[in-house]
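Single-letter residue listing:
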Amino acid sequence: MSMFGDSLDKAVQKAFTRPAPKSAGPQIRYMVKQLGGTKAVAELLGMSQRQVERYVAGKAKKPRADLAARLEREVTKRWQPQIRAKARQKAASTGGIVIDARARMGYTAPIGSTDQDRIRHLTVALPPLFAARLFEAQEAGASDTQLQEIAAEALKEVYFQDGGRRAGSLEEVRFTDVEHLEFDL
């Protein structure tokens, strides 16, 4: 499970104009339409093509728990791609993104300053530049660690250094032991 990636996805999903299908039949029919056939859906979900056809026809209704989870994940990943793209574009160009995190944060600074890590709960509005970097990294397949580093850099500049108005000698921000993380557009 990717905490940062999943949180970014949930933030974008809040922009959806219609809810994704919840039951197996409509979900499978949506996937068949998206992928262009029952064979592609069967390969993606790891089931037989005949079983996919049963769901499409309405003869099968209740998938196993693991199949239901995979199906919901794949439908949500593909649901309303244009709305998803608009929300990301807006956050990356004008709106920015808000990060709400409870984690252990500290920094590397010159000797004589208080740089001990401690649990902080921060809600910080990040400028569009960092929203764009987060979304670009996510689309490029960045790991959770890489997304965490981008978020740490954003918090360093926006929260700790206040856009260059203070803590100019701050070298690095540590952002670890994340207990809670949520992004909002």
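This text gives an overview of the structure that appears in the document. (Residues numbered from 1 in each chain as written. Predicted model: local features only at pLDDT ≥ 70, side-chain atom pairs only at ≥ 80, totals over all residues. Heavy atoms only, no water.)

1. Examining the sheet that holds strand 1 (residues 97-108)
What links the strands of a sheet is backbone hydrogen bonding, and the strands pair in either a parallel or an antiparallel sense. In space, the three strands of this open sheet follow the order 2-1-3, with antiparallel pairing throughout. The sheet is open, and its two borders are formed by strand 2 (118-126) and strand 3 (172-184), each paired with just one other strand. Recorded for the sheet is a direction-independent mean angle of 30° between the axes of neighbouring strands. When strand 1 meets strand 2, the two strands line up antiparallel, connected through nine bridges. Counterpart to R102 in the pairing with strand 2 is H121. Strands strand 1 and strand 3 of the sheet are contacted by helix 1 (residues 3-13), whose axis makes an angle of about 35° with strand 3. (Pairing = 2+ DSSP bridges. Helix = DSSP H or I, 4+ residues; strand = E, 2+ residues; numbered from the N terminus. Axes fitted to C-alpha atoms, helices over the stretch in contact; angles between N-to-C directions. Contact = heavy atoms within 4.5 Å.)

2. Notes on the packing of helix 3 (residues 38-45) against helix 4 (residues 49-57)
Where helix 3 meets helix 4, the axes come as close as 8 Å, and the angle between the chain directions of the two elements is 110°. Viewed along their axes, helix 3 and helix 4 adopt a mutual orientation that is roughly perpendicular. Relative to helix 4, helix 3 is oriented so that their crossing is right-handed. Contact residues: T38, K39, V41 and A42 in helix 3; Q49, V52 and E53 in helix 4. In terms of residue class, the contact of helix 3 with helix 4 is built from three nonpolar, two polar and two charged. (Parallel < 35°, antiparallel > 145°, perpendicular 65-115°, else oblique. Left-handed = near helix turned anticlockwise from the far one by under 90°. Nonpolar A, V, L, I, M, F, W, Y, C, P; charged D, E, K, R; others polar.)

3. Concerning unusual backbone geometry
In this structure, Q80 is a non-glycine residue whose phi angle is positive, near 45°. Summarising the element assignment, Q80 is placed in the loop between helix 5 (65-78) and helix 6 (81-95). Notably, D177 is not glycine yet its phi reads approximately 45°, a positive angle. Considering the arrangement of structural elements, one finds D177 in strand 3.

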